[in-house]
Amino acid sequence: MGTHVDIDPAILYFGTPVVLLSTLNEDGTTNLMPMSSVFWLGRTAVLGIGGSSQTARNVRERPEIVLNLPNVDLVTQVDRLALTTGNAAMSAAKAERGYVHVSDKYAHAGLTAYGSDTVLPTSVTECPVHIEGTVAALHDLGEPKLLAVEVAVTAVRVAPELRLDGHDHRIDPDRWRPLVMSFQQFYGLGERVHPSRLASIDEELYR
Ligand SMILES: Cc1cc2nc3c(=O)[nH]c(=O)nc-3n(C[C@H](O)[C@H](O)[C@H](O)COP(=O)(O)O)c2cc1C
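So, here is what we can say about the structure in this document. (Residues numbered from 1 in each chain as written. Predicted model: local features only at pLDDT ≥ 70, side-chain atom pairs only at ≥ 80, totals over all residues. Heavy atoms only, no water.)

Moving on, we come to the layout of surface pockets. Looking at the largest pocket, its volume works out to about 2000 Å³. In terms of lining, the largest pocket is formed by 39 residues, of which the most central are His169, Arg170, Ile171, Pro173 and Glu203. Those elements that place two or more of their residues in the lining of the largest pocket are β11 (129-140) and β12 (146-158). Ranked by residues supplied to the lining of the largest pocket, first place goes to β12 with 4 residues. By residue class, the composition of the lining of the largest pocket is 21 nonpolar, 5 polar and 13 charged. Put simply, the second largest pocket is a space of about 1500 Å³. If you go around the second largest pocket, you meet 40 residues; those closest to its centre are Tyr13, Met33, Pro34, Lys94 and Tyr99. Put simply, the parts of the chain that give the lining of the second largest pocket at least two residues each are β3 (30-35), β5 (44-50), α1 (54-61), α2 (75-80), β7 (84-85), α3 (92-96) and β12. (1 Å grid on protein atoms, 1.4 Å probe; cavity = no way out; pocket = protein on both sides within 12 Å on 5 of 7 lines; lining within 4 Å. Points joined across faces, edges and corners; volume = space filled by probe spheres on them. Helix = DSSP H or I, 4+ residues; strand = E, 2+ residues; numbered from the N terminus. Nonpolar A, V, L, I, M, F, W, Y, C, P; charged D, E, K, R; others polar.)

This part is about unusual backbone geometry. One non-glycine residue, Leu83, adopts positive backbone phi at about 60°. Relative to the helices and strands, Leu83 resides in the loop between α2 and β7. For Leu83, a relative accessible area of 43% translates into the label partly exposed. Although it is not a glycine, Phe183 adopts a positive phi angle of roughly 50°. (Buried < 20%, exposed > 50% of the residue type's maximum accessible area, 1.4 Å probe, protein only.)

The next thing to look at is the pattern of salt bridges. Summed over all chains, the structure comprises 9 salt bridges. With a shortest N-O distance of 3.5 Å, Glu61 and Arg62 are connected by a salt bridge. On the accessibility criterion, Glu61 (51% relative accessible area) is exposed. Measuring nitrogen to oxygen at the nearest pair gives 2.7 Å for the salt bridge that ties Arg207 to Glu204. On the accessibility criterion, Arg207 (69% relative accessible area) is exposed. In the salt-bridge network here, residues are joined through shared partners; they are Asp117, Glu132 and Arg157. (Salt bridge = Lys/Arg side-chain N within 4 Å of Asp/Glu carboxyl O.)

Here we take up the sheet that holds strand β14 (residues 185-187). Hydrogen bonds between backbone groups are what pair the strands of a sheet, and the pairing can be parallel or antiparallel. Here 3 strands make up an open sheet; going across it, the order is β1-β13-β14 and the pairing antiparallel. Looking at which strands have only one partner, the edges of the open sheet turn out to be β1 (16-17) and β14. Direction of pairing for β1 relative to strand β13 (residues 180-182): antiparallel, over a ladder of 2 bridges. Bridge pairing in β13 places Thr16 opposite Met181. (Pairing = 2+ DSSP bridges.)

So, to be careful, I would describe these as geometric facts and stop short of saying anything about function.
Here you go:
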């Protein structure tokens, strides 16, 4: 008898940080999309986004982006953006699921805009981390239309209290409290669970 059972889950979202993605609409306003299919390798971010989203349209036409990282305290504002789209021509699938069209996502969520340094879309003031970047490549991921967006990071701005004491350019992971999505639910991180052997490598060597 095995120790595991075969299952066929509809989604495989085993826990990733929530990001509010800023992209530029055709009229010059900024759209905000909550998302969590994201990973980083060096100075590149890779994002998984649905092809019918307003965000997908925006990045295809105006390849500038901000990854705003909310902490756990912003969960209410993030949740207000769930089931909204900036795309006025909403897909039938989204309409069936109860999505509504929202053109001003900042006002809808109760968030405020902050001028970005290297890109046109605005950043979210309340998010303690802003990662600005340009779209370096788009990869179609097949049906239903999904898009992998490769982002070359151009600037990183953080709330000063997140920095590791004595280091201008390092984050203290004990102070950074990301909002995490696991399947369709929100979580925070617990405390550090074990000393890390990887952390014996000087972080500057990754530069
Ligand atoms: C917490 C959270 C995480 C989400 N993660 C993703 C994701 O990783 N990729 C994606 O395509 N949609 C994700 N969604 C759904 C999008 O937010 C949704 O498709 C939205 O309508 C896109 O906005 P837009 O059409 O204005 O770009 C997520 C929604 C929430 C609330």
